[in-house]
Amino acid sequence: MRCPFCGNVDTQVKDSRPAEDHAAIRRRRFCPGCGGRFTTYERVQLRDLVVIKTSGKREEFDRGKLERSIRISMQKRPIEPERIDQMISGIVRRLESMGDTDVPSKKIGEIVMESLARIDTVAYVRFASVYKNFQAADDFESFVHELRPPASEQ
Ligand SMILES: [Zn+2]
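Heads up: these notes are all about the structure in this document. Treat the numbers as computed from the prediction; the structure is a model and nothing was measured.

### Side note on helix H3 (residues 105–119)
Turning to step 1, where the next piece is worked out: Its 15 residues place the ends of H3 22 Å apart at the C-alpha level, agreeing with the 21 Å of an ideal helix rising 1.5 Å per residue.
Turning to step 2, where the next piece is worked out: All buried positions along H3 are accounted for by Ser105, Ile108, Gly109, Val112, Ser115 and Leu116. The buried residues of H3 occupy an angular sector of 130° when projected down its axis, which confines them to one face. Along H3, the residues that are exposed and aim more than 90 degrees away from the buried face are Glu110, Glu114 and Arg118.

If you want it as structure tokens, here you go:
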């Protein structure tokens, strides 16, 4: 952590203790360069992801929508629900760790297809076929609508 007084990056932690009812860690730091003392706080950062559509429109990321589109493409497939949950959590973690809160909708589709391809070919094909037609529309809601399995599979 860079010293706010002299810019020295080699500062030392003198003391760490829980703060804000254990929601944060408070650290007292010391700068050997200038003798300055300062405090930092460490907190959990839950990223607020924003989906960027092809049109440039921004929309708050909605895990529920993602989940619905994946569950629909997996309907009647012999996949355990826990496995699907794990896959969805994995996808969200990947999105969160991409290093940017802005995620193109295209990228989300690609990650979903990658994940589906590893788990179930039929679900992958369903998702991918809709995804291709979908790129122009670029709207998760209509995407989910189109993903309904054909009547013959009901
Ligand atoms: Zn300093």
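### What to know about the sheet that holds strand S3 (residues 37–43)
The strands making up a sheet associate through backbone hydrogen bonding, with each pair oriented either parallel or antiparallel.
Turning to step 1, where the next piece is worked out: Taken together, 3 strands build an open sheet; the order of strands is S1-S2-S3 and the sheet is antiparallel. The open sheet has two edge strands, strand S1 (12–19) and S3, and neither has a second partner. The mean inter-strand angle of the sheet, taken between neighbouring strand axes irrespective of direction, is 25°.
Turning to step 2, where the next piece is worked out: Where S1 meets strand S2 (residues 24–30), 7 bridges bridge the pair, whose relative direction is antiparallel. Paired with Arg17 across the bridge in S2 is Arg26.

### With respect to the nonpolar core
Turning to step 1, where the next piece is worked out: The biggest cluster of nonpolar side chains holds 15 residues, and the ones touching the most others in it are Val112, Leu116, Ala123 and Phe127.
Turning to step 2, where the next piece is worked out: Of the residues forming this core, the biggest block, 5 residues, is contributed by helix H4 (residues 121–137).
Turning to step 3, where the next piece is worked out: Those residues in contact with Leu116 that lie beyond four places of it in its chain are Ser73, Ala123, Tyr124 and Phe127.

### Here we look at the sheet that holds strand S5 (residues 58–60)
Turning to step 1, where the next piece is worked out: Ordered by their spatial adjacency, 3 strands build an open sheet running S5-S4-S6, and the pairing between neighbours is mixed. Among the strands making up the open sheet, the edge pair consists of S5 and strand S6 (102–104). Strand after strand, the sheet turns through a mean of 35° between neighbouring axes, direction not considered.
Turning to step 2, where the next piece is worked out: Where strand S4 (residues 50–52) meets S5, 3 bridges bridge the pair, whose relative direction is antiparallel. Bridge assignment links Ile52 to a residue of S5, and that residue is Arg58.
Turning to step 3, where the next piece is worked out: The strands that H3 touches are S4 and S6; relative to S6, the one it contacts most, it runs at about 70°.

### Let's talk about the pairing of S2
In the case of a regular strand, side chains alternate between the two sheet surfaces.
Turning to step 1, where the next piece is worked out: Taking the residues between adjacent antiparallel strands as the criterion, S1 and S2 are bridged by 4 residues, where Glu20 takes a positive phi near 50°.
Turning to step 2, where the next piece is worked out: The sheet contact formed by S2 and S3 spans 7 bridges and is antiparallel. Within the sheet, the bridge partner assigned to Arg28 lies in S3 and is Thr39.

### A closer look at the packing of helix H1 (residues 63–73) against helix H2 (residues 81–96)
Axes are the key here: two packed helices are described by the angle between their axes and the distance separating the axes.
Turning to step 1, where the next piece is worked out: Remark: H1 packs on H2, axes separated minimally by 11 Å, with the N-to-C direction vectors making an angle of 135°. Classified by the interaxial angle, the pair formed by H1 and H2 is oblique. Crossing handedness for the pair H1 and H2: right-handed. Together, Arg63, Leu66, Glu67, Ile70 and Arg71 of H1 and Ile84, Ile88, Ile91 and Val92 of H2 make up the contact between the two elements.
Turning to step 2, where the next piece is worked out: Its residues assigned to classes, the contact of H1 with H2 shows 6 nonpolar, no polar and 3 charged.

What counts as what
Residues numbered from 1 in each chain as written. Predicted model: local features only at pLDDT ≥ 70, side-chain atom pairs only at ≥ 80, totals over all residues. Helix = DSSP H or I, 4+ residues; strand = E, 2+ residues; numbered from the N terminus. Expected span 1.5 Å × (residues − 1). Buried ≥ 20, exposed ≤ 12 C-beta atoms within 10 Å, placed from the backbone. Arc of directions from axis to C-beta. Pairing = 2+ DSSP bridges. Axes fitted to C-alpha atoms, helices over the stretch in contact; angles between N-to-C directions. Core = buried A, V, L, I, M, F, W, Y, C linked by C-beta atoms within 7 Å. Contact = placed C-beta atoms within 7 Å. Parallel < 35°, antiparallel > 145°, perpendicular 65-115°, else oblique. Left-handed = near helix turned anticlockwise from the far one by under 90°. Nonpolar A, V, L, I, M, F, W, Y, C, P; charged D, E, K, R; others polar.

Worth remembering: the numbers are spatial, not functional.
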